[in-house]
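Now for the letters of each chain:
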Amino acid sequence: MKSTLHNIVSVLMALVVLLSTLSFTVDKHFCGGLLMDLAVFSEAKSCVMGIHDHSNMATSMEKDHCCSNEKILVEGQDELKNSFLSLDFKQQVFLGAFANSYVSLFNYMPRQVPAYTFYSPPLLIHSIYLRDQVFLI
């Protein structure tokens with residue numbers, strides 16, 4: 001059981017490292033405000049709108065195109081070992097206070113014995129259920 005849990009945690013930690021260091025690009029091609037192509041890890045294919053006539057090609061290049069490309073770059077983490085000194089003072093104070101309060105949760109407190117444990121209960125003079133005449137049937 002313990003080794004199975006250890007293996008599961010190891011695989012999850014490896015996936016966390018892989019996903020945090022992975023970087024990729026998302027390339028989008030818009031024509032007239034509509035999304036025509038979306039590509040991850042490669043370039044989006046561009047459509048050729050309005051350039052069907054070769055004689056008109058020069059004039060269409062001079063005008064503004066209705067197509068646009070948008071590239072989103074998601075960068076992963078390059079440095080895997082962050083030092084404690086790279087944190088600012090407020091973050092260091094917070095981490096110190098959090099660690100201190102977390103450790104103090106597990107301090108062993110001796111069990112306190114209540115003061116009434118050494119006293120015997122009072123003697124009953126009358127049976128209450130007989131006195132009130134309450135019986136279970």
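Residues numbered from 1 in each chain as written. Predicted model: local features only at pLDDT ≥ 70, side-chain atom pairs only at ≥ 80, totals over all residues. Heavy atoms only, no water.

A. Layout of the overall build of the chain. Counting its regular elements, the chain contains four helices and three strands. Within the chain, buried positions represent 7% of all 137 residues. At a minimum sequence separation of 6, the contacts of the chain that also span at least 24 residues come to 45%. (Helix = DSSP H or I, 4+ residues; strand = E, 2+ residues; numbered from the N terminus. Buried < 20%, exposed > 50% of the residue type's maximum accessible area, 1.4 Å probe, protein only. Contact = heavy atoms within 4.5 Å.)

B. Here's a closer look at the environment of valine 74. Within the element layout of this structure, valine 74 appears in strand 3 (residues 67–74). Spatially, the C-alpha atoms of valine 74 and valine 26 are 8.0 Å apart, while their sequence positions differ by 48 residues. In contact with valine 74, other than residues within four places in its own chain, are Leu22, Ser23 and Phe24.

C. Seen up close, the pairing of strand 2 (residues 34–40). Sheet topology note: the strand 1 (residues 24–31)/strand 2 ladder contains six bridges and is antiparallel. In the strand pairing of strand 2, cysteine 31 is matched with leucine 34. Adjacent in sequence and paired antiparallel, strand 1 and strand 2 are bridged by two residues, among which glycine 32 carries a positive phi angle near 65°. (Pairing = 2+ DSSP bridges.)

D. Local environment of the side chain of histidine 29. Looking at where histidine 29 falls in the secondary structure, it is placed in strand 1. A distance of 2.5 Å separates polar atoms of two side chains, one belonging to histidine 29 and the other to asparagine 69. With near-sequence residues (within four places) excluded, histidine 29 lies in contact with Leu34, Leu35, Met36, Asp37, Ala44, Lys45, Ser46, Cys47, Cys67, Ser68 and Asn69. (Polar contact = N/O pair within 3.5 Å; in protein donor to acceptor, adjacent residues only side chain to side chain.)

E. Quick peek at the sheet that holds strand 1. Strand order in the open sheet made by the three strands is 2-1-3, with antiparallel pairing throughout. The open sheet is flanked by strand 2 and strand 3, the only strands paired with a single partner. The sheet shows a mean angle of 15° between the axes of neighbouring strands, taken without regard to direction. The sheet contact formed by strand 1 and strand 3 spans eight bridges and is antiparallel. What sits directly across from cysteine 31, in strand 3, is cysteine 67. (Axes fitted to C-alpha atoms, helices over the stretch in contact; angles between N-to-C directions.)

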